[in-house]
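One-letter residues, chain by chain:
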Amino acid sequence: MALIVQKYGGTSVGDPDRIRNVARRVVATHDEGNQVVVCVSAMSGETNQLVDLAQQLGGERPDAREYDVLVSTGEQKTIALLAMAIHQLGREARSFTGAQMGMNTDSDHTRARITEIDCTRLRATLDEGAIAVIAGFQGIDPEGNITTLGRGGSDTSAVAMACALEADVCEIYTDVDGVYTADPRVVSDARKLHSVAYEEMLEMASLGAKVLQIRSVKFAMRYGVPIHVRSSFKSDEGTWVTREEDVMERLVVSGVTHNLNEAKIRVKGVEDHPGIAGKLFKPISDAGIQIDMIVQNLSSDGATDMTFTVPRGEYKKALEIANAASGEIGATEVEGDEAIAKISIVGLGMQDHAGVAARMFTTLADEGINIQLISTSEIKVSVVIEEKYAELALRALHAEFVEDGAAEPAPE
Ligand code: ADP
Ligand code: ASP
Ligand code: MG
C-alpha cells in the first residue's frame, strides 16, 4: 500500500464532467489499495474572477486580509464538489479547508509561507479508509486568519502535504502531459522530458515555467519526495521531477523559459561610493518588492548607472520609490521600461560545457535581437530583451540548444 498525494489544477476541475473524471481517477487509485489525499485548485478562471471582483470593490491593492478571505473561496467550492462526486461512486471522502487540514502559515497575506503542517486529522481520515480532499492555495495564520500562498499555490499545498505525510509520490495532474523543454503553447517543437532534476526544475519554475510553483519544488527537493507531473486527461506517464542521479538523459540545456512579468528600471548617473546601492534598494525591499536582476555599470568620473528588474505588478510603485531616492544618491535620471522579456536557458549539463552563454548570445544576434541585461549562474543564463522578440528568441534558442544540441555528447 502506498500513500499518494494527487493534485488537480483548475482546468482539470473546470466543469462538473471534469470533476467526475477526477473522482473516477482518485477512486481508481484508492481501489488499487492506496491511501489517497487529493488536493484541488479552484475551477479554471474562478480565481481570476475573484481577484477582479476584489479590485472592483477594494481598488488596485485591496486589503490583503480580506483579499485572502475572498480568493480562497474558489478552492472551498471544488473540495466539496469533488467529495460529493466521490460519494456518488460509493466511496468515503471528506473535504478539508486549510485550517481543517492543519496548514499553518505565517501572516504574510497573499503570499504566505507554510510554517508547519499538523496532519492529525488527515491521518485519521486515511486510517479510516476514506479519501481526504484538501483545498489547495490556502492556510491559516497563528491568529486564525485565512491566508493564501500566492498564485499557483495549490502545487505547494500538495507537495508540502506530501512531504508532511511522507507520501511515496506527489502527482501533479494538469492540462499538459508533463514538463516540456519549453512552454508547449509557445514552442510547438518543445518535447516532453522523461525526468528533470530538482535543481533544474527549480530554475525553470523561477524563470517562468509556471507548470509548477517554485516553492513546491523547494519542498520536494528538501524532503526528497518525487513529483510526477502528468495529464489529467490521459493515463500516460508524465515527467518525474527527482534527484539528479535518477535523471535518465543528461542534456546541456534541459529547458528554455520566458517571463513576461517583469519590468526594468534604470537609475542613471548615481554616485559611485559605498552605501549607494543600499540607499536605493532598501526602501524598495522595505516596500515588499522583490528585486530580480541587478546590473551596475563600470563607473566613469565617479558616477555609474544601476539597472534592475521588478515584478510588473510592482513596477509603478518601484519607480516612485526610485524617483524618491534619486536625490539622495545623486542620480541624474530614472527611467523605466515595462515592455521587456526575460529569456533563459537552464541545464545541469552547462556546468561541464564551456561556451554555452556565448552560443546563446550569438544565436540571438543572428536573429537581430539586442540583449539589454545578462545574468548567469552555474546552471542557467538569462537575458533581458525587448518584449516583442520573446517568441522569436525562445524558438531560436530552442532550435539551437534542444533540437540541435540534444545530440551533443555529455562528458565522460
Ligand atoms: P494548473 O492549472 O494545472 O496548475 P498551470 O496553468 O498552472 O496549470 O500550469 C500548466 C501550464 O504551464 C501549461 O498549460 C503550459 O502552458 C505552462 N508551461 C509553461 N512552461 C512549461 C513547460 N516547460 N512545460 C510544461 N508546461 C509549461
Ligand atoms: N487557484 C489558485 C490560482 O489560480 C491556486 C492554484 O490554482 O494553484 O492561482
Ligand atoms: Mg498551476
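Up top you'll find the structure we're talking about.
The text that follows walks through the structure, step by step, so that each part is easy to find. In this text the structure is predicted, and so the values were computed from the model without any measurement. (Residues numbered from 1 in each chain as written. Chains lettered and ligands numbered in written order. Predicted model: local features only at pLDDT ≥ 70, side-chain atom pairs only at ≥ 80, totals over all residues. Heavy atoms only, no water.)

1. Examining the site of ligand 1
Thr174, Asp175, Tyr180, Asp183 and Arg185 are the nearest of the 16 residues found near ligand 1. Thr174 places a polar side-chain atom, nitrogen or oxygen, 2.6 Å from an oxygen atom of ligand 1. One nitrogen or oxygen atom from the main chain of Tyr180 is found 2.9 Å from a nitrogen atom belonging to ligand 1. Of the residues that constitute the shell around ligand 1, the class distribution is seven nonpolar, four polar and five charged. (Near = heavy atom within 4 Å. Polar contact = N/O pair within 3.5 Å; in protein donor to acceptor, adjacent residues only side chain to side chain. Nonpolar A, V, L, I, M, F, W, Y, C, P; charged D, E, K, R; others polar.)

2. Quick look at the layout of surface pockets
For the second largest pocket, the calculated volume is near 250 Å³. Lining the second largest pocket are 13 residues, with Ile114, Thr115, Phe219, Arg222 and Tyr223 sitting closest to its centre. Contributing elements (two or more residues each) for the lining of the second largest pocket: β5 (114–117), α6 (154–164) and α8 (214–223). Considering every element that reaches the lining of the second largest pocket, the biggest residue donor is α8, with five residues. Looking at the lining of the second largest pocket residue by residue, the classes come out as seven nonpolar, one polar and five charged. (1 Å grid on protein atoms, 1.4 Å probe; cavity = no way out; pocket = protein on both sides within 12 Å on 5 of 7 lines; lining within 4 Å. Points joined across faces, edges and corners; volume = space filled by probe spheres on them. Helix = DSSP H or I, 4+ residues; strand = E, 2+ residues; numbered from the N terminus.)

3. A word on the pattern of salt bridges
Considering all chains together, one arrives at 27 salt bridges under this definition. Among the salt bridges present, the one from Arg191 reaches Glu249, with a minimum N-O distance of 3.5 Å. Of the two residues, Arg191 is situated in the loop between β9 (169–174) and β10 (195–197) and Glu249 in the loop between β12 (239–242) and β13 (255–259); the sequence distance between them amounts to 58 residues. When its relative accessible area of 29% is taken as the criterion, Arg191 is described as partly exposed. One salt bridge in this structure joins Arg359 and Glu400, with 2.7 Å as the shortest N-O distance. Of this pair, Arg359 sits in helix α11 (residues 356–366) while Glu400 sits in helix α12 (residues 390–403); the two residues are 41 residues apart in sequence, bridging distant segments of the chain. Here Arg359 falls in the partly exposed class, since its relative accessible area comes to 24%. (Salt bridge = Lys/Arg side-chain N within 4 Å of Asp/Glu carboxyl O. Buried < 20%, exposed > 50% of the residue type's maximum accessible area, 1.4 Å probe, protein only.)

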